[in-house]
Amino acid sequence: MKLEIKKFSRFTDATGTLVPFYKNKSLNNFNIKRFFFIYGKKKFMRADHAHRKCNQVLIPVNGSIKISVFNLKKVKKTFTINNKLKNFLIIPKFHFIQIKFLEKDSTLLTLCDYKYDKKEYIQKKEFFKL
């Protein structure tokens, strides 16, 4: 997997909105093992870690979310994802992320291709020489 921001489709009519994701097209054959929602508060940062084995797809459900990503070469990239921009972010393993919710009631859906295992988390920034 590679770090990339991608667009999603949104179909709206008088009854509401549908946002489809396709395993083979949108998610590059991403094999979902678990998923969860993160509800954040504007004052606090979330994540602040990387994964050794887990790749992730971050999908904004509500609000606007800023994600800072650091790779092993100390390169920092910052992305803003939100439902209005119709974008989502693919985070490969060994990328340290920090999540900042920019609006009240922002919600992030996270898809993972690896089961939960606290041992595979990298929480020390020193690993990335930050």
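Residues numbered from 1 in each chain as written. Predicted model: local features only at pLDDT ≥ 70, side-chain atom pairs only at ≥ 80, totals over all residues. Heavy atoms only, no water.

Draft legend 1. A look at the pattern of salt bridges. Under the counting rule described, the total for this entry stands at 1 salt bridge. Taking the shortest distance from any N to any O, the salt bridge between Asp 48 and Lys 125 comes out at 3.8 Å. Of this pair, Asp 48 sits in strand β5 (residues 45-51) while Lys 125 sits in the segment after β12 (121-122), and the two are 77 residues apart along the sequence. (Salt bridge = Lys/Arg side-chain N within 4 Å of Asp/Glu carboxyl O. Helix = DSSP H or I, 4+ residues; strand = E, 2+ residues; numbered from the N terminus.)

Draft legend 2. How the structure looks around unusual backbone geometry. A positive phi angle, near 65°, is found at Phe 94, a position not held by glycine. By the element assignment, Phe 94 lies in the loop between β9 (87-91) and β10 (96-101). Judged by its relative accessible area of 29%, Phe 94 falls in the partly exposed class. Of note, the phi angle at Asp 105 is positive, near 65°, even though the residue is not glycine. Here Asp 105 lies in the loop between β10 and β11 (107-112). (Buried < 20%, exposed > 50% of the residue type's maximum accessible area, 1.4 Å probe, protein only.)

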